[in-house]
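Below are the chains, spelled out letter by letter.
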Amino acid sequence: MTVRSRSPVSTGGAVTQSLSMAAITPTAPAPIAFPPVPRAPEETGLPFSFVCDLVLKILYFNGGMVGRDIANHSCIPFQLIESTLKFLSDEGYVSSAGMRASALSSDEPLAAGMQYLMSSTGRERARELIELNQYAGPAPVPIDVYNAVARHQARLDHVLDRAALRDAFNHLVIPDDLLDRLGPALNARQAIFLYGPPGNGKTSIAEACARIIGPPLFVPRALYVHGEVIRFFDPIHHLPVERDGPPHDRRWQLTERPVVKVGGELVPRMLDLGFDSTLGFYEASLQLKANGGLFLVDDFGRQQHMSARDLLNRLIVPLEKGVDYLNIARAGTSVAVPFTNLLILSTNLRPHDLIDEAFLRRVRYKVLVPNPTEEEYRTIWQRVCAKEGVAYDAGVVEHTIERHYRRAGRTLHGAHPRDLLNHVINGARYLGEQPRLTAELIDHACSTYFVDTVGEDW
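Quick caveat, the model's predicted, so the values are computed rather than measured.

Our focus in this paragraph is the overall build of the chain. Of regular secondary structure, the chain possesses 17 helices and 17 strands. Put simply, the chain has 458 residues, and 48% of those count as buried. Sequence separation of at least 24 residues holds for 74% of the intrachain contacts in the chain that already meet a minimum separation of 6. Accessible surface, the chain as shown: approximately 22300 Å² in total, 50% of it carbon and sulfur.

Written out as structure tokens, the structure reads:
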């Protein structure tokens with residue numbers, strides 16, 4: 001089934017159906033639907049003039065190129081690029097400089113091995129285009145096609161049970177009752193509010209959630225909307241997946257489910273499209289890049305330039321409606337896009353000190369991450385010792401609990417064993433000793449790790 005760009009409604013349906021019918025690799029651990037290869041210019045969903053302009057800019061920035069390389073750079077099949085090159089040649093913008101490719105595959109035409117150069121007229125035209133928009137990367141995907149694919153990929157049928165959740169979190173020491181509170185929230189794909197004392201693994205729990213919310217998905221390298229380009233693929237948040245499969249539209253990149261993490265540096269503009277006036281195109285917002293994956297707001301409530309109330313006000317419509325709106329300022333319009341990410345708000349501040357009950361009600365699931373019990377604390381010590389290659393000594397750990405927690409009136413935190421062991425290792429190296437758990441090294445580690453003001457004159 002083909003994708004027709006002239007009817008937005010039929011485009012979305014065609015893409016969704018084509019994805020559902022796509023071939024699946026027999027060795028794949030999870031079913032992946034591959035976007036079909038466009039076989040005619042109109043199936044790209046892009047105006048012919050846009051593709052011509054894109055090819056001119058690619059040639060301008062890269063100099064002479066072989067036809068096959070132009071197709072690879074633009075991620076459009078050469079049989080579609082060939083008609084574009086012929087038009088540009090007829091218009092006097094480019095010319096052929098003869099065969100340059102040493103070998104062609106059986107399905108490639110001779111023109112794929114031809115070298116193409118820009119004429120002076122072509123360079124002048126390219127400079128005019130660059131004044132408006134310097135984008136010269138992979139061809140974008142129409143926004144209505146992206147919307148259809150994003151909704152399709154958001155439909156996950158598998159249900160998480162306790163066994164699957166325990167397996168996903170087996171690298172963390174967390175109680176079963178915490179998993180039982182987390183599991184229903186992950187199955188519901190609803191926003192989650194993680195709260196509790198600092199240093200108990202809230203961020204680690206949130207990041208582990210991303211590994212179990214679904215199989216890899218396709219993200220567009222860029223989007224096309226109302227004549228504007230939005231760069232979408234971000235190597236920081238989108239980890240490419242190499243998987244054998246049928247030929248597919250290379251404007252899409254198969255990636256792991258994205259994990260977009262922000263903390264105190266979050267500012268309002270990060271939640272909107274970013275426009276670069278020099279380059280002339282847009283950058284996708286953080287929550288758009290997180291679609292299909294995890295959007296983690298760490299240290300919620302500690303953002304210097306965005307209050308907790310302002311953040312929830314910005315996300316309240318996407319959370320309730322499953323739709324976000326992108327403002328395309330240069331085109332004087334806005335467009336709706338699916339909001340399909342799992343939002344997790346993580347904080348060590350008291351919830352009622354951050355937001356009122358009306359806002360808390362909008363975040364359906366609240367999960368307390370408590371301090372570890374003494375038994376869990378000992379288990380954490382065993383794990384960090386095994387990881388660092390240091391022999392575990394139960395007597396020294398019991399000494400630590402008695403002297404530096406019970407007597408000091410200090411609460412246990414999950415991050416303490418890791419940090420204290422790091423102090424022990426560095427202290428032993430300083431003394432020229434083999435790192436090992438001793439009461440003396442632990443006492444010294446605690447004296448430089450914890451802040452104790454007892455007996456001091458302030």
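The rest of the description comes next.
Our next topic: the nonpolar core. By size, the foremost hydrophobic cluster in this structure holds 32 residues, and its most contacted members are V55, L59, I70, F78, I81 and L85. Listing elements by their share of this core, those giving two or more residues are α2 (48-62), α3 (67-74), α4 (78-90), β3 (114-118), α5 (120-132) and β7 (222-225). Residue contributions to this core peak at 8 residues, all from α2. When neighbours within four sequence positions are excluded, I70 is seen to be in contact with V55, L59, M65, I81, L85 and Y116. The next biggest cluster of nonpolar side chains, apart from the first, holds 27 residues, and it includes V145, Y146, V225 and A284.

Relative orientation of the contacting elements α2 and α4 amounts to 80°, with a least axis distance of 10 Å. By the angle between their directions, the pair α2 and α4 is classed as roughly perpendicular. Here α2 contributes F48, V51, C52, V55 and L56 to the contact with α4, which in turn contributes I81, S83, T84, L85, F87 and L88. Its residues placed into classes, the contact of α2 with α4 shows 9 nonpolar, 2 polar and no charged.

The next point concerns the packing of helix α14 (residues 374-388) against helix α15 (residues 394-406). Put simply, α14 and α15 touch, their axes get as near as 11 Å, and they point 125° apart. By the angle class used here, α14 and α15 are oblique. Handedness of the α14/α15 crossing: right-handed. Facing E374, Y377, R378 and W381 of α14, the residues of α15 in contact are V397, E398, T400, I401, Y405 and R406. For the contact of α14 with α15, the per-class residue count stands at 5 nonpolar, 1 polar and 4 charged.

Strand order in this open sheet of 5 strands is β10-β13-β16-β5-β17, and the pairing throughout is parallel. Sheet topology places β10 (259-262) and β17 (365-368) at the edges, where each strand pairs with a single neighbour. For this sheet, the mean angle separating the axes of adjacent strands, direction not counted, is 20°. Direction of pairing for β10 relative to strand β13 (residues 294-297): parallel, over a ladder of 4 bridges. The residue of β13 that forms the bridge with K261 is L296. Here helix α8 (residues 176-188) sits on the sheet and contacts β5 (192-195), β16 (342-347) and β17; the angle it forms with β17, its principal contact strand, is near 155°.

Right, let's get into the pairing of strand β6 (residues 217-220). Consecutive side chains along a regular strand alternate between the two faces of the sheet. Every second residue of β6 is oriented toward a common face, with L217 and V219 on one face and F218 and P220 on the other, all of them buried. Note: β6 against strand β9 (residues 252-255), 4 bridges, orientation antiparallel. Of the residues in β9, the one forming a bridge with L217 is T255.

The next thing to look at is the environment of H399. Turning to its location among the elements, H399 is positioned in helix α15. The class for H399 is partly exposed, based on a relative accessible area of 25%. The spacing of H399 and T438 is 39 residues in sequence and 9.6 Å in space, taken between C-alpha atoms. Those residues in contact with H399 that lie beyond four places of it in its chain are H404, A439, I442 and D443.

What follows deals with the layout of surface pockets. If you roll a probe as big as a water molecule over the atoms, it shows you where there is empty space left. Considered as a void within the structure, the largest pocket measures approximately 850 Å³ in volume. L172, S204, G414, A415 and R418 are, among the 38 residues lining the largest pocket, the residues nearest its centre. Mapped by element, the contributors of at least two residues to the lining of the largest pocket are α9 (202-209), β16, α14 and α16 (416-430). Residue composition of the lining of the largest pocket, by class: 16 nonpolar, 13 polar and 9 charged.

Turning next to α3. Every buried residue belonging to α3 is among G67, I70, A71 and S74, and all of these are buried. One face of α3 carries all of its buried residues, which in axial projection span an arc of 100°. Close packing links the buried residues of α3 with α2, β1 (65-66), α4 and β3. With its phi angle positive at about 65°, C75 sits one or two positions after the end of α3.

Cut-off values and rules
Residues numbered from 1 in each chain as written. Predicted model: local features only at pLDDT ≥ 70, side-chain atom pairs only at ≥ 80, totals over all residues. Heavy atoms only, no water. Helix = DSSP H or I, 4+ residues; strand = E, 2+ residues; numbered from the N terminus. Buried < 20%, exposed > 50% of the residue type's maximum accessible area, 1.4 Å probe, protein only. Contact = heavy atoms within 4.5 Å. Areas by Shrake-Rupley, 256 points an atom, 1.4 Å probe, with all protein chains shown as cover. Core = buried A, V, L, I, M, F, W, Y, C linked by side-chain atoms within 4.5 Å. Axes fitted to C-alpha atoms, helices over the stretch in contact; angles between N-to-C directions. Parallel < 35°, antiparallel > 145°, perpendicular 65-115°, else oblique. Nonpolar A, V, L, I, M, F, W, Y, C, P; charged D, E, K, R; others polar. Left-handed = near helix turned anticlockwise from the far one by under 90°. Pairing = 2+ DSSP bridges. 1 Å grid on protein atoms, 1.4 Å probe; cavity = no way out; pocket = protein on both sides within 12 Å on 5 of 7 lines; lining within 4 Å. Points joined across faces, edges and corners; volume = space filled by probe spheres on them. Arc of directions from axis to C-beta.

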